[in-house]
Amino acid sequence: MDIDLSYTHEVKLKIKEHTLSRIRTSLEKNGTCLSSSNYESDSGERLLRFTMLADLEGAPAKLDIEFRIDANHIHEAAFYLFETPKDVNRYTLKFYAIKIFQDILSSDHNEELRRYTVRTYSRYYSCYPIIDSLVVNFDPRFLLKPQQWNVREEPLSEQILMLDVEVHAVNIEQARNVAYNHCADVNAYLSVLLDCGFEMVNSEFRIFNIKDKFGIVRSNRFRTGVVDEELGLLVKDNHYGLKDLYDKEQVDSYRGGKVSYSFAGLREDGGFDNYSTSIFDNFSNDEFLDKKFTDHKIIAPQGLKERSAPPQISDELYYLNSPLRLPSDTRKFFKAIASIDVKKRNAILACSRLYNLALTVGRTQPTLSQSYKVCAVEALGLCEGKGFSDFMVSYSKPGFDKDLTDYFYSVRSKHFHAGQFLFDEYNIEFQREIAFSFYAKNADFVNFSRYIRIAIISWIRINLLKTV
């Protein structure tokens, strides 16, 4: 059979103990191995060949992968497709190859794992901080713990949610990788549970209006972030922005972590050829974080059984001037996600990520927000082979306004494909007495959001919580 598409990934990777056995393990993390062979080439090098069923960014494909090795190194891997799926090209194979080699490298350590409890920090907006703390006992075990603030009558009040995750890893960097990625997904799931957007804390210099002792308001720039007195951390972000609160050198450092420099040359077509990448440690506090997150442990909050909470996930919309509570079936929701089949798990994860984008990135962009909600439903419908309209019919209440939901599907298409903004983002009318378009579109916006939430929560109740 003729090769339809190929890509060769050139890399000189030193073979350590267990490296060769980890090749197959890494491949099977990203597909199903159908067959393998091992033979010697004319030049005396060995060739390891695998036939795989793999997921290439959502496109299932059968491909051959051939590793060229000698006694000390893996020199390259060639990826061959004999029938190329739609929307797959050599860049798809390139990033699949990089994922394989990254897994081989990150797994190539000794087998001894250490337990860490890593804390990450998320933010959300509400007048009220979440008052519930909750331990979810599935792999990985984690604790949701809000940082308590006084209630403000301003809906756009920043609130902080802390997530402690138990991780078994070979070092602090790998532990933080696992914890960060897990918490990013927890943020997405929480957005569906609570109809509130959650995003990672990301520090920046912002302008604040401060009233001095004479009552005069002045503007000044200050750094945002979080002080965690419990762990003694100054939090600028969840990457390299965790600093020892009591170490002046760390606190005053504007740079931290690893810096990557790429060296490239300009091509005639306007692109760049990347020649090499250099990485160096700019300012490391790994030793400090290693001890901090080794000593830290999850402590279950007291009084969980007696807490008063909503009985189940609500399909009502959340308004930022209302109290925010974790429903009592939050644990059941997360445990169900851990146990359902992969197709459904991937669908609800993709749906949740898109729903969270609608509530965070789309917070001030209504057309973008509703377009992402359409995409969220489309992603969830994939596991049942249903398009947007069919999914809405299947999981909505009888008599819902289908014309309205179909209209918003066209809004999504016009926004992403033609750059249209259909909610007057560029046609603001401050004369509210005659802003008839605003009133009508705002009413339709709310109703559509309601229909979307009812459909998604209905799917969750049926497929995850087994309730109606």
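Heads up: the structure comes first, above all this text.
Residues numbered from 1 in each chain as written. Predicted model: local features only at pLDDT ≥ 70, side-chain atom pairs only at ≥ 80, totals over all residues. Heavy atoms only, no water.

Colleague: Explain the overall build of the chain here, please?
Modeller: Helix and strand counts for the chain come out as eleven helices and 17 strands. Taking the principal axes of its C-alpha atoms as reference, the chain extends roughly 80 × 60 × 55 Å. Split into buried and exposed, the 468 residues of the chain put 46% on the buried side. Nonlocal contacts in the chain, meaning residues at least 24 apart in sequence, comprise 63% of its contacts between residues at least 6 apart. Summed over all atoms, the accessible surface of the chain reaches about 26000 Å², with 51% contributed by carbon and sulfur. When the 60 basic and 65 acidic side-chain charges of the chain are each reduced to a single mean position, those positions are 5 Å apart. (Helix = DSSP H or I, 4+ residues; strand = E, 2+ residues; numbered from the N terminus. Buried < 20%, exposed > 50% of the residue type's maximum accessible area, 1.4 Å probe, protein only. Contact = heavy atoms within 4.5 Å. Areas by Shrake-Rupley, 256 points an atom, 1.4 Å probe, with all protein chains shown as cover. Lys, Arg positive; Asp, Glu negative; His and termini not counted. Charge placed at Lys NZ, Arg CZ, Asp CG, Glu CD.)

Colleague: Before we go on, may I ask you to explain a nonpolar patch on the surface in this structure?
Modeller: On the surface, a nonpolar cluster with roughly 470 Å² of combined accessible area is contributed by Tyr261, Phe263, Tyr275 and Phe280. Every element with two or more residues in the nonpolar patch is listed here: β16 (257-266) and β17 (272-283). Within the secondary structure, Phe263 is located in strand β16. (Patch = residues over 30% accessible without salt bridge, like charges linked within 9 Å, V, L, I, M, F, W, Y side chains within 5 Å. Salt bridge = Lys/Arg side-chain N within 4 Å of Asp/Glu carboxyl O.)

Colleague: Help me understand the sheet that holds strand β9 (residues 158-169), please; the structure alone is not making it clear to me.
Modeller: The strands making up a sheet are joined through hydrogen bonds of the backbone, oriented either antiparallel or parallel. Across the sheet, five strands lie side by side as β7-β8-β9-β6-β10; this open sheet has antiparallel pairing. Because the sheet does not close on itself, it has two edges, and the strands there are β7 (134-136) and β10 (199-200). For strand β6 (residues 114-125) and β9, the ladder comprises twelve bridges, and the chain directions are antiparallel. The residue of β9 that forms the bridge with Ser122 is Leu161. Strands in contact with helix α3 (residues 172-194) are β6, β8 (142-147), β9 and β10; relative to β9, the strand with the most contacts, it is inclined by about 135°. Helix α6 (residues 330-339) rests against β7 and β8 of the sheet, and its axis sits at about 20° to β7. (Pairing = 2+ DSSP bridges. Axes fitted to C-alpha atoms, helices over the stretch in contact; angles between N-to-C directions.)

Colleague: Hey, could you run me through the layout of surface pockets in this one?
Modeller: The rolling of a water-molecule-sized probe over the atoms marks out the regions of remaining empty space. When its volume is computed, the second largest pocket comes out at roughly 1100 Å³. In this structure, the second largest pocket is lined by 35 residues; those nearest its centre are Gly362, Arg363, Pro366, Asn442 and Phe445. Contributions of two or more residues to the lining of the second largest pocket are made by β6, α7 (342-360), α8 (366-381) and α11 (436-463). Of all the elements, α11 adds the most residues to the lining of the second largest pocket, at seven residues. Counted by class, the lining of the second largest pocket contains 18 nonpolar, nine polar and eight charged residues. (1 Å grid on protein atoms, 1.4 Å probe; cavity = no way out; pocket = protein on both sides within 12 Å on 5 of 7 lines; lining within 4 Å. Points joined across faces, edges and corners; volume = space filled by probe spheres on them. Nonpolar A, V, L, I, M, F, W, Y, C, P; charged D, E, K, R; others polar.)

Colleague: How should I be thinking about the environment of Tyr426 in this particular structure?
Modeller: Here Tyr426 lies in the loop between α10 (402-418) and α11. When its relative accessible area of 67% is taken as the criterion, Tyr426 is described as exposed.

Colleague: Would you mind showing me how to read the nonpolar core here?
Modeller: Across soluble globular proteins, nonpolar side chains have a tendency to be buried as a group. Counting residues in hydrophobic clusters, the biggest one holds 83 residues, and the most contacted among them are Phe333, Phe334, Ile460 and Leu464. When near neighbours in sequence (up to four residues on either side) are disregarded, Leu464 contacts Phe333, Ala336, Ile337, Ile340, Ile348 and Trp459. Formed by 29 residues, the second largest nonpolar core is a distinct cluster that contains Ile23, Ala54, Ala77 and Ile100. (Core = buried A, V, L, I, M, F, W, Y, C linked by side-chain atoms within 4.5 Å.)

Colleague: Whenever I open this one, the sheet that holds strand β5 (residues 73-81) confuses me. Can you help?
Modeller: Strand order in the open sheet made by the five strands is β1-β5-β4-β3-β2, with antiparallel pairing throughout. Edge strands, defined here as strands with exactly one partner in the open sheet, are β1 (5-14) and β2 (31-40). Put simply, the sheet's adjacent strands are angled 20° from each other on average, direction ignored. Bridge count for strand β4 (residues 59-69) against β5 is seven bridges, and the pairing is antiparallel.

Colleague: Sorry if this is basic, but what is going on with the pairing of β4 here?
Modeller: Each regular strand shows side chains that alternate between the opposite faces of the sheet. Summarising burial for β4: eight of the eleven residues are buried, a large majority. Strand direction decides the pairing type here: strand β3 (residues 46-56) and β4, joined by eleven bridges, are antiparallel. Among the inter-strand pairings, Arg49 is bridged to a residue of β4, identified as Glu66. Counted along the chain from β3 to the antiparallel partner β4, the turn is two residues long, and its residue Glu57 has a positive phi close to 55°. Between the end of β4 and the start of β5, which pair antiparallel, lie three residues.

Colleague: What's the story with the packing of aromatic side chains in this structure? I'm lost.
Modeller: Centre-to-centre distance and the angle between the planes together describe a pair of aromatic rings. Per the counting criterion, the structure on display carries 21 aromatic pairs. Both rings, one in Phe400 and one in Tyr451, keep their centres 5.9 Å apart while their planes meet at 75°; by these two values the pair is edge-to-face. You can see Phe400 sitting in the loop between α9 (388-395) and α10 and its partner Tyr451 sitting in helix α11, a full 51 residues away along the chain. Judged by centre distance (5.7 Å) and plane angle (80°), the rings of Phe423 and Phe445 are edge-to-face. Residue Phe423 is located in the loop between α10 and α11, and its partner Phe445 is located in helix α11; the two are separated by 22 residues in the primary sequence. Judged on exposure class, the residue Phe423 and its partner Phe445 are both buried. (Phe/Tyr/Trp six-rings, centres within 6.5 Å; stacked < 30°, edge-to-face > 60°.)

Colleague: How should I be thinking about the pairing of β6 in this particular structure?
Modeller: Across the twelve residues of β6, ten count as buried, placing the element largely inside the fold. Strand direction decides the pairing type here: β6 and β10, joined by two bridges, are antiparallel. Residue Ser122 lies in a different strand from β10, and its bridge partner there is Met200.

Colleague: What should I look at first to understand the packing of α10 against α11 in this one?
Modeller: Between α10 and α11, whose axes approach to 10 Å, the crossing angle comes to 100°. The angle between the axes of α10 and α11 places the two elements in the roughly perpendicular class. Here Leu404, Thr405 and Phe408 of α10 come into contact with α11, specifically with Asp444, Phe445, Asn447, Phe448 and Tyr451. Along the lines of polarity and charge, the residues of the contact of α10 with α11 split into five nonpolar, two polar and one charged. (Parallel < 35°, antiparallel > 145°, perpendicular 65-115°, else oblique.)

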